[in-house]
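Each chain is listed here by its residues.
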Amino acid sequence: MTAAKRVAQFGILTSLALVLGWTERFIPVAQGIPGIKLGLGNTILLYAIYMMDAKSSVLLMLLKVLVTGFFLSNIGGMLYSLAGGVLSLAAMLLVKKLLGNRLPRIGIIIVSVFGAVFHNIGQLSVAFFTVLYRAVLVYTPPLLVSGLIMGVLTGVVAKYTLRALKYYDDRPAKKKENPDA
Amino acid sequence: MRGIRITVCIVCIAFMLLPLSGCGQDNAIPTAAPASSEPAATTGPAPETAEPPATPSEAADAPATEELASSPESTKRMPFILPTVLPDEVAIYIGNALYTVVPFDTPDVIIVDQGDGRVNEITLDGEKVYMSHSTCEGQDCTQQEPITPENYQDRLVLLNYILCLPNQVTVEYIPEREE
């Protein structure tokens, strides 16, 4: 992959993460409850983990946190997002490594669930130190359950997205081969 | 054999002492009740007994007589300590530090200005408490359902709390409780 292509790929993925994060605001899951959301931005990280390498996924996560923080929230929001992002990416990479080639059909969904749950754990741990801890304790079980459900949904989305992408990735290669032949 | 005998003896003694100790408790209640009921009636249920003289003059005699009938029972049930009932309150926190505590049933608007542009406005209208205004970006806190004495146990996700994460402001509804 050339440097230009790599830059373009990162640009597209980061902007896609931004757009997905923004679009999510219009999908009301639990009105007014911070943290309970679909987490479609995670599909981008799942793409990076499965289609690129670990290093790229870390870079993409940092880019996503920075850009989303600048455009959609502020420094405080960025801190939450960074804690969630770091923890979720670490969990996802670890689970993917542990799973290896086992469970090829639902592997990505399991990885996604771990990502979502650990994202919420990261955010809760920041909240635990910044707002009233009693309120955070009340808030913890529903947030983890929501992470579980949303993780499955995001994982399913990512699974079919990746399948489609792989299909389109293969197609131009075949087309290129044809004129040469 | 000897060990068994000793244990049987201990169990028998224990069974003999059990009703005795129970009797002791039963006896204690009536003896202590008259002594404690009089001073307690003046201090403990003062806010409740203050109302009946006002209500019969307006209309209802029946509730007043009911209360009079029920009040000796309640003193019998709680012979030693009559718990004072604390009214429901609203506590506001910035981070983990308490900012203020206000009574729930007095209408009020509390403005929490942290001096760095972060301002939250909490409204109490006597029946519910809610975040009426916030300078935070997400505005999640203003969309959270108002807390009432009826819904605080099964309110969506946050129960008796209103959370503004960006401004680090928490509103806690403290229900009516016994001291």
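In what follows, the accompanying structure is described. (Residues numbered from 1 in each chain as written. Chains lettered and ligands numbered in written order. Predicted model: local features only at pLDDT ≥ 70, side-chain atom pairs only at ≥ 80, totals over all residues. Heavy atoms only, no water.)

### Some points on the interface of chain A and chain B
Here is step 1: Contacts between chain A and chain B engage 20 residues on the former and 18 residues on the latter.
Here is step 2: Here chain A meets chain B over a buried area of about 1,800 Å², counting both sides, of which 66% is carbon and sulfur.
Here is step 3: Broken down residue by residue, the surface that chain A buries against chain B is led by Pro34, Val131 and Leu132 of chain A, which jointly contribute 27%.
Here is step 4: Our count for the chain A to chain B interface comes out at one salt bridge.
Here is step 5: The partner of arginine 134 of chain A in a salt bridge is glutamate 172 of chain B, and the shortest N-O contact between them spans 2.8 Å.
Here is step 6: Across the contact surface, chain A and chain B share four residue pairs in polar contact (both at pLDDT 80 or more).
Here is step 7: Put simply, the parts of the chain that give the side of chain A that touches chain B at least two residues each are α5 (107–130) and α6 (133–180) of chain A.
Here is step 8: The element best represented in the side of chain A that touches chain B is α6 of chain A, accounting for six residues. (Contact = heavy atoms within 4.5 Å. Buried area = accessible area lost by both parts, 1.4 Å probe. Salt bridge = Lys/Arg side-chain N within 4 Å of Asp/Glu carboxyl O. Polar contact = N/O pair within 3.5 Å; in protein donor to acceptor, adjacent residues only side chain to side chain. Helix = DSSP H or I, 4+ residues; strand = E, 2+ residues; numbered from the N terminus.)

### So, the packing of helix α1 (residues 3–23) of chain A against helix α3 (residues 54–72) of chain A
Residue and element names in this part refer to chain A.
Here is step 1: Relative to each other, α1 and α3 sit at 45°, their axes nearing to 9 Å. Classed by the angle they form, the pair α1 and α3 counts as oblique. Here α1 and α3 pass one another in a crossing that is right-handed. Between α1 and α3, the residues in contact are Arg6, Phe10, Leu13, Thr14, Ala17, Leu18, Gly21 and Trp22 and Ser56, Leu59, Leu60, Leu63, Lys64, Val67, Thr68, Phe71 and Leu72, respectively.
Here is step 2: Residue composition of the contact of α1 with α3, grouped by class: 11 nonpolar, four polar and two charged. (Axes fitted to C-alpha atoms, helices over the stretch in contact; angles between N-to-C directions. Parallel < 35°, antiparallel > 145°, perpendicular 65-115°, else oblique. Left-handed = near helix turned anticlockwise from the far one by under 90°. Nonpolar A, V, L, I, M, F, W, Y, C, P; charged D, E, K, R; others polar.)

### Looking at the environment of proline 149 of chain B
Residue and element names in this part refer to chain B.
Here is step 1: Tracing the chain through its elements places proline 149 in the loop between α5 (140–143) and β7 (161–164).
Here is step 2: Residues proline 149 and asparagine 160, spaced 11 residues apart in sequence, show a C-alpha to C-alpha distance of 9.2 Å.
Here is step 3: Look past the residues within four positions of proline 149 in its chain and what remains in contact with it is Asp88, Phe104, Glu127 and Tyr173.

### Quick look at the sheet that holds strand β6 (residues 129–134) of chain B
Residue and element names in this part refer to chain B.
Here is step 1: Here three strands make up an open sheet; going across it, the order is β4-β5-β6 and the pairing antiparallel. This sheet does not close on itself; its edge strands, each paired only once, are β4 (108–113) and β6. When the angles between neighbouring strand axes are averaged without regard to direction, this sheet yields 25°. (Pairing = 2+ DSSP bridges.)

### Focus on the sheet that holds strand β2 (residues 89–94) of chain B
Residue and element names in this part refer to chain B.
Here is step 1: The strand order β3-β2-β8-β7 describes an open sheet built from four strands, whose pairing is antiparallel. Whereas interior strands pair on both sides, the edge strands pair on one side only; in this sheet they are β3 (97–103) and β7. Looking at each pair of strands side by side, their axes are set apart by 15° on average, direction ignored.
Here is step 2: Relative to strand β8 (residues 169–174), β7 runs antiparallel, the two sharing four bridges. Counterpart to tyrosine 161 in the pairing with β8 is glutamate 172.

### Overview of α5 of chain A
Here is step 1: Spanning 24 residues, α5 of chain A covers 35 Å between terminal C-alpha atoms, matching the ideal 34 Å at 1.5 Å per step.
Here is step 2: Counting buried positions along α5 of chain A yields 17 of 24 residues, so the element is predominantly enclosed. (Expected span 1.5 Å × (residues − 1). Buried < 20%, exposed > 50% of the residue type's maximum accessible area, 1.4 Å probe, protein only.)

### Section: a nonpolar patch on the surface
Residues and elements named next belong to chain A.
Here is step 1: Together, Val58, Leu62, Leu82 and Val86 make up an exposed nonpolar region whose accessible area comes to about 280 Å².
Here is step 2: Listing elements by their share of the nonpolar patch, those giving two or more residues are α3 and α4 (75–99).
Here is step 3: Looking at the secondary structure, you find valine 86 in helix α4. (Patch = residues over 30% accessible without salt bridge, like charges linked within 9 Å, V, L, I, M, F, W, Y side chains within 5 Å. Areas by Shrake-Rupley, 256 points an atom, 1.4 Å probe, with all protein chains shown as cover.)

### Section: the packing of aromatic side chains
Residues and elements named next belong to chain A.
Here is step 1: Applying the stated rule across the entire model yields six aromatic pairs over all chains.
Here is step 2: Arranged with centres 6.3 Å apart and planes meeting at 15°, the rings of phenylalanine 114 and phenylalanine 118 form a pair that is stacked. Of this pair, phenylalanine 114 and phenylalanine 118 are both found in helix α5, four residues apart, which corresponds to roughly one turn of the helix.
Here is step 3: Residue classification places phenylalanine 114 among the partly exposed residues on the basis of a relative accessible area of 37%.
Here is step 4: Assessed through its relative accessible area of 28%, phenylalanine 118 is described here as partly exposed. (Phe/Tyr/Trp six-rings, centres within 6.5 Å; stacked < 30°, edge-to-face > 60°.)

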